[in-house]
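Topology and contacts: notes
Each chain is listed here by its residues.
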Amino acid sequence: QVMLVESGGGWVQAGGSLTLSCAASGRTVSTLAMAWFRQAPAKAREFVAVISSRDDSSYYADVVKGRFSISRDNSKNTLYLQMHSLKPEDTAVYYCAADERLTHSRVAANYDYWGQGAQVTVSS
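In this report, we go over the structure that sits alongside the text. Just so you know, these numbers come straight off a predicted model, no measurement behind them.

**As for the overall build of the chain**
When helices and strands are counted, the chain shows 0 helices and 11 strands. Relative to the compact-globule value of 14 Å for 124 residues, the chain shows a C-alpha radius of gyration of 13 Å, a close match. Projected onto its principal axes, the C-alpha coordinates of the chain cover approximately 40 × 30 × 25 Å. Counting across all 124 residues of the chain, residues that qualify as buried make up 47%. Relative to all contacts within the chain whose residues are 6 or more apart in sequence, the contacts with residues 24 or more apart total 58%. Of the roughly 6100 Å² of accessible surface on the chain, a fraction of 49% belongs to carbon and sulfur atoms. Mean positive and mean negative side-chain charge positions of the chain (12 and 11 charges, respectively) differ by 3 Å.

Here it is, written out as structure tokens:
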């Protein structure tokens, strides 16, 4: 069983930066495929970024590429999402997800473990 707890959400003006954290327990993050998804009001959950369980390869949604960076700290057993140049359309609840079987995936249904979500609000 893997437990995930997000932190670091909040309010920021457009152009600003935030970093989300996802603390894991039950398994070490280096052995998991770990990803960030987000869900805006009245919209489907969408893929943001993923880091491979095999190595440190990372993949991003086109809408965040060049602005967001996913990373993990094995010593703290924590996943991060650094977000820069934030836009109002980045406003959403951000979820971290993990899976023990995958190397990486952009599909939410493939992940077995989810955090509770962290609200990110970007004002114009």
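The rest of the description comes next.
**Examining the state of the cysteines**
Considering all chains together, one arrives at 1 disulfide under this definition. Disulfide pairing places cysteine 22 opposite cysteine 96 at an S-S distance of 2.0 Å. Across the S-S bond linking cysteine 22 and cysteine 96, the dihedral sits near 50 degrees, which makes this disulfide right-handed. Of this pair, cysteine 22 sits in strand E3 (residues 18-25) while cysteine 96 sits in strand E9 (residues 92-99), placing them 74 residues apart in sequence. Cysteine 96 gets classed as buried once you look at its relative accessible area, which sits at 0%.

**Observations regarding the pattern of salt bridges**
One pass over the structure, following the stated rule, counts 8 salt bridges. With a shortest N-O distance of 2.9 Å, aspartate 90 and arginine 38 are connected by a salt bridge. Here aspartate 90 is found in the loop between strand E8 (78-83) and E9, whereas its partner arginine 38 is found in strand E4 (residues 33-39), with 52 residues between them in sequence. No difference in accessibility class separates aspartate 90 from arginine 38, as the two residues are buried. A single salt-bridge network, built from bridges that share partners, covers Arg38, Glu46, Arg67 and Asp90.

**Structural notes on the nonpolar core**
The tendency in soluble globular proteins is for nonpolar side chains to be buried as a group. Of all hydrophobic cores here, the largest spans 40 residues; its most connected members are Leu4, Met34, Trp36, Leu81, Met83 and Tyr94. Those elements that provide at least two residues to this core are E3, E4, strand E5 (46-51), strand E7 (68-73), E8, E9 and strand E11 (118-123).

**Some words on the sheet that holds E8**
The strand order E1-E3-E8-E7 describes an open sheet built from 4 strands, whose pairing is antiparallel. Edge positions in the sheet fall to strand E1 (3-7) and E7, since each has one partner strand and no second. Averaged over all adjacent pairs, the angle separating strand axes in this sheet is 20 degrees, with direction ignored. Summarising the sheet, E3 and E8 pair through 6 bridges and their orientation is antiparallel.

About the criteria used
Residues numbered from 1 in each chain as written. Predicted model: local features only at pLDDT ≥ 70, side-chain atom pairs only at ≥ 80, totals over all residues. Heavy atoms only, no water. Helix = DSSP H or I, 4+ residues; strand = E, 2+ residues; numbered from the N terminus. Rg over C-alpha atoms; globule rule 2.2 N^0.38 Å. Buried < 20%, exposed > 50% of the residue type's maximum accessible area, 1.4 Å probe, protein only. Contact = heavy atoms within 4.5 Å. Areas by Shrake-Rupley, 256 points an atom, 1.4 Å probe, with all protein chains shown as cover. Lys, Arg positive; Asp, Glu negative; His and termini not counted. Charge placed at Lys NZ, Arg CZ, Asp CG, Glu CD. Disulfide = S-S within 2.5 Å. Salt bridge = Lys/Arg side-chain N within 4 Å of Asp/Glu carboxyl O. Core = buried A, V, L, I, M, F, W, Y, C linked by side-chain atoms within 4.5 Å. Pairing = 2+ DSSP bridges. Axes fitted to C-alpha atoms, helices over the stretch in contact; angles between N-to-C directions.

By themselves, these observations are geometric and do not establish any function.
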